[in-house]
Structure formats: structure tokens, C-alpha cells
Amino acid sequence: MADTAKLSHTSAMILQAIGVGYIYGYTVMEVTGLPSGTVYPAMRRLERDQLIRSQWERQSIADAADRPARKYYKLTRSGESALEAARNRYPLLAKLVATEELEDA
Amino acid sequence: MKSQRLEFAILRAASLLAPAEQRAEWLAEWRSEVWYVPPSGAARFCLGAFRDALWLRRNNPGPMSVLTRLDSPIECLAFLATLAAAGMFLARLPMSRDPMLPSALSDGMALGSMAIALLLHLLAPAATIRAMADYHPLPWACRLRRWIFVVLKTAFALLIVSCGLFILSFAVGPVACQGFVPASIVALRWVVIDQRQRCPVCLCLLTNPVRIGRASEMFLDWYGTESMCSRGHGLLHAPEIPTSCYDRQEWLHLDGSWSSLFSGAAGMRR
């Protein structure tokens, strides 16, 4: 078995989005243009494969901002290496979901 | 604060598809996310929850249902026999006799209906059949025991279905008979699916399912789930997607030299 997972386009886009800082499900949807019925199951699949991990933000942070607490996602170590392999495989990936967009948002 | 009744109703409906033990957290995540979605697209956003809940349901390795907890074949048959006995007892109560055979139905029609029902019982397996595992040669005693178990399980399952519909006909009338074929198909499918999850030697349910491989690498290798018999009789490889190389489950028999790996298995091996 190869050391790094080979990802589908969709998974690679989601991984790239999370990798550049779109850590919430809805923001991943917005930046990738994928529907919710695709993004959330894909993120669960990535989490099952231990490429990303999820965590609830602290309630105190959400309370301070007067909004519900959100679940956010982060890349794991194997997720980072899988993303690196995906970027080599799909060179346009970095342009599709770029860091600049996050800075603009 | 915007009103999100419709969105929450959709999410609550979708949450019924999610596994019970993960439902609360799943619902909390979707509810928190929908808070950030503009009202114009919120309902559409929530519709994706159904697909997500279904995915979670399909890939949930959590606690098993009551029926799949019936680990040993004796427990399974005892449970089915109890259900069938209870069904037959209730079906014999006077209040549930009349509606199934209304006066308008002549004896000839009743006989004809029973003949059709019997025929459908025989044909139903054709619609439900799924390939069993490739078990390789097993001792004839094991094969005989497996087939006796299947036949008894099928008989009890169909008896439960028949009694259930008979009792149901008291409430809804003879129209309950229409559910006979679909209910039989569901029962037979359960029999086959349950059988596929059992060790062919001891007939106990297989345990410790482990996912093997990756979908993206199925060209060179298989991927799917590997379960094992807790008594050390063997391993069952179940491919996620049937391919030309791995089109059905494959049973890997383990001989006695493996028994030291299974705690307490040496004394339990049959």
C-alpha cells in the first residue's frame, strides 16, 4: 500500500480548503462551490480515514460572540502529506482554493 | 434572531436517519452550521443533511441492533421461536380471526389466495438472493448444520411475518394481505444478510470488523471489511464493491495453529 492516500478531486479540494484555513463545513462549501450533501459526507469520510480531525470550539468563545458553537476541522499529519501528494497530482488545486481568498474574506 | 423552524424541522427529520448514539452531536453540528447560512439558501443547505445522515448510518460501526446482538445460533433461533410462538398465540385470539377471512371471500378464493401466497414464498428468494461467501470446502457436518440453521431461521421468519400480518388484518382489514410479499422479501433478505455475517463453522456472528485498503487503490488490491470469528475459526473478507477479482465474500479458514491468538478460544473450538 502506498504511504499517501490518492484522493478524488472532491476530497482533494476539501482537503485543500481545510488546509488553507477554511475550517468550518459551511465555509468549505462556499469556497469549493460543492453542495452540503457532498461536503459533509466527504468530510466524514476524510475524518474516518484520519486525514482530518474535528473538534468543537469552546462554548465560552461562542457565547462571547453570541452565536452557536461550531465544529471545526483540521488536517492531521497524514492529511498534510496526502494534501501535498494531491497538490503534486493536481497542480491547479492550489489556485482553485488559494490562501489569498481566505485573507480577502 | 432569524426564525429557522423549517430548517430545524428538516434537520430533525434527517436526524432520524442518523445512528441514535451519534444523533445529538450530528444535529448540533448541522444546527450550528445552518445559523451561518443566509436565509435564502438555508432550506436547500439543510436538504444535504439527509445524504450526510445516510452516509453516517451506512458507515456506523457503533452498537448493533437487537437482532444482530443474537450472537449464537441457539440464541437467534430461540428469539425467533419465541416471537413466532407469541405471534401464533395472538393470531389464535378470537378477535383476530374474522377479518382475515371476510364472509365475502369464498372458500375457493381463500384457497387460491393461499396457493398464490405459497408460490410467492417460493419465488421470493429469487428477488432477495445475494451471493453467499466463498467458503471453500468445509466438512459436511458444518454444511449440514449451516443449512439446518438457514431453513429453521427462514421458517421462523416467515411464520412471524404471516402471524404479524394476520394480527395486523384485525386493525386494517384484509388489505393487510397485500403486505405479505414485501414483508416476506424483507424477512428473507434479513435471513440471507444475517447468514453472511456468521461464521460457517460455529454459526456465531463475526466480530471486530476492520476496514482494509482504500477505494482509490482497488485497481491493484481489494478494499473492504475484514471480520473474524471470535472463536478463531477464520476471517471473512467482504469487498466494499464487487469486482471481477473479488465479487463475493471470501472465507479464510484458520487451522488450530492460530488458536493461541484467540484468548480462551482453544477450549471453545468445536
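The structure presented is a predicted model; accordingly, all values stated were derived computationally and were not measured. (Residues numbered from 1 in each chain as written. Chains lettered and ligands numbered in written order. Predicted model: local features only at pLDDT ≥ 70, side-chain atom pairs only at ≥ 80, totals over all residues.)

**As for the overall build of chain A**
So, point 1. On a plain count of helices and strands, chain A comes out with seven helices and two strands.
So, point 2. Listing each helix as α and each strand as β along chain A from the N terminus yields α-α-α-β-α-β-α-α-α.
So, point 3. The 105 residues of chain A split such that 32% are buried.
So, point 4. Within chain A, contacts between residues at least 6 apart in sequence are counted, and of these 60% link residues at least 24 apart. (Helix = DSSP H or I, 4+ residues; strand = E, 2+ residues; numbered from the N terminus. Buried ≥ 20, exposed ≤ 12 C-beta atoms within 10 Å, placed from the backbone. Contact = placed C-beta atoms within 7 Å.)

**Examining helix H7 (residues 180–196) of chain B**
All names here are of chain B.
So, point 1. Along its 17 residues, H7 runs 24 Å from first to last C-alpha, staying within 8% of the 24 Å computed at 1.5 Å per residue.
So, point 2. Phe 180, Ala 183, Ser 184, Ala 187, Leu 188 and Val 191 are the residues of H7 that are buried. Axial view of H7: buried residues confined to an arc of 135°, hence all on one face. (Expected span 1.5 Å × (residues − 1). Arc of directions from axis to C-beta.)

**A word on the sheet that holds strand E4 (residues 250–253) of chain B**
All names here are of chain B.
So, point 1. With antiparallel pairing, four strands are arranged side by side in an open sheet as E1-E2-E3-E4. What marks the edges here is a single partner per strand, and that holds for strand E1 (207–212) and E4. Pairs of neighbouring strands in the sheet enclose a mean axial angle of 20°, with direction left out of account.
So, point 2. With four bridges joining them, strand E3 (residues 234–239) and E4 adopt antiparallel strand pairing. Among the inter-strand pairings, Gly 234 is bridged to a residue of E4, identified as His 253. (Pairing = 2+ DSSP bridges. Axes fitted to C-alpha atoms, helices over the stretch in contact; angles between N-to-C directions.)

**Re the interface of chain B and chain A**
So, point 1. On the chain A side, the residues contacting the 18 residues of chain B number 19 residues.
So, point 2. Elements with a minimum of two residues in the side of chain B that touches chain A: helix H2 (20–34) and helix H3 (39–58) of chain B.
So, point 3. Looking at which element gives the most residues to the side of chain B that touches chain A, the answer is H3(B), with seven residues.
So, point 4. Per-class residue counts for the side of chain B that touches chain A are seven nonpolar, four polar and seven charged. (Nonpolar A, V, L, I, M, F, W, Y, C, P; charged D, E, K, R; others polar.)

**With respect to the packing of helix H1 (residues 5–15) of chain B against H3(B)**
Residue and element names in this part refer to chain B.
So, point 1. Two numbers describe how H1 lies on H3: the axes approach to 9 Å, and their chain directions differ by 5°. Looking at the two axes, H1 sits roughly parallel to H3. Of H3, the residues touching H1 (which contributes Leu 6, Glu 7, Ile 10, Leu 11, Ala 14 and Ser 15) are Ala 42, Ala 43, Cys 46, Leu 47, Ala 49, Phe 50 and Ala 53.
So, point 2. Taken together, the residues of the contact of H1 with H3 sort by class into eleven nonpolar, one polar and one charged. (Parallel < 35°, antiparallel > 145°, perpendicular 65-115°, else oblique.)

**Quick notes on the nonpolar core**
So, point 1. Core analysis: the biggest nonpolar cluster contains 25 residues, and A:Ile14, A:Leu15, A:Ala17, A:Ile18, A:Val28 and A:Met43 have the highest contact counts within it.
So, point 2. Of all the secondary structure elements, the ones that give two or more residues to this core are helix H1 (9–19), helix H2 (25–32), helix H3 (36–48) and helix H5 (77–89) of chain A.
So, point 3. Examining the composition of this core, we find that six residues originate from one element, H1(A), more than from any other.
So, point 4. Each residue touching A:Met43, except ones within four places of it in the same chain, is listed here: A:Ile14, A:Gly25, A:Ile52 and A:Tyr73.
So, point 5. If you look at the next biggest cluster of nonpolar residues, it comprises 15 residues, including B:Leu165, B:Phe180, B:Ala187 and B:Leu188. (Core = buried A, V, L, I, M, F, W, Y, C linked by C-beta atoms within 7 Å.)

**Some words on H2(B)**
So, point 1. Helix length check: H2(B) (15 residues) gives 21 Å between terminal C-alpha atoms against 21 Å at 1.5 Å per residue, within 8%.
So, point 2. Three or more residues of H2(B) are buried, namely B:Trp26, B:Glu29, B:Trp30, B:Ser32, B:Glu33 and B:Val34.
So, point 3. Taken together, the buried residues of H2(B) touch H2 and strand E2 (71–75) of chain A together with H1 and H3 of chain B.

**What to know about the pairing of E3(B)**
So, point 1. Pairing analysis gives five bridges linking strand E2 (residues 224–228) of chain B to E3(B), with the strands arranged antiparallel. Bridge pairing links B:Gly224 to B:Pro239 in E3(B).

**A word on the environment of B:Ser227**
Residues and elements named next belong to chain B.
So, point 1. Position of Ser 227 relative to the elements: it lies in strand E2.
So, point 2. Considered as a pair, Ser 227 and Thr 207 are 20 residues apart in the sequence and their alpha carbons are 5.6 Å apart.
So, point 3. Among all residues touching Ser 227, those that are not within four sequence positions of it are Leu 206, Thr 207, Asn 208, Pro 209 and Leu 236.

**Some remarks on the packing of H1(B) against H2(B)**
Residues and elements named next belong to chain B.
So, point 1. The N-to-C vectors of H1 and H2 enclose an angle of 155°; their axes lie 10 Å apart at closest approach. Compared by their axis directions, H1 and H2 come out roughly antiparallel. Regarding H1 and H2, the two cross each other, and that crossing is right-handed. Taken together, the residues of H2 that come into contact with H1 (itself represented by Glu 7, Phe 8, Leu 11 and Ser 15) are Arg 23, Trp 26, Leu 27, Trp 30, Arg 31 and Val 34.
So, point 2. Looking at the contact of H1 with H2 residue by residue, the class counts come to six nonpolar, one polar and three charged. (Left-handed = near helix turned anticlockwise from the far one by under 90°.)

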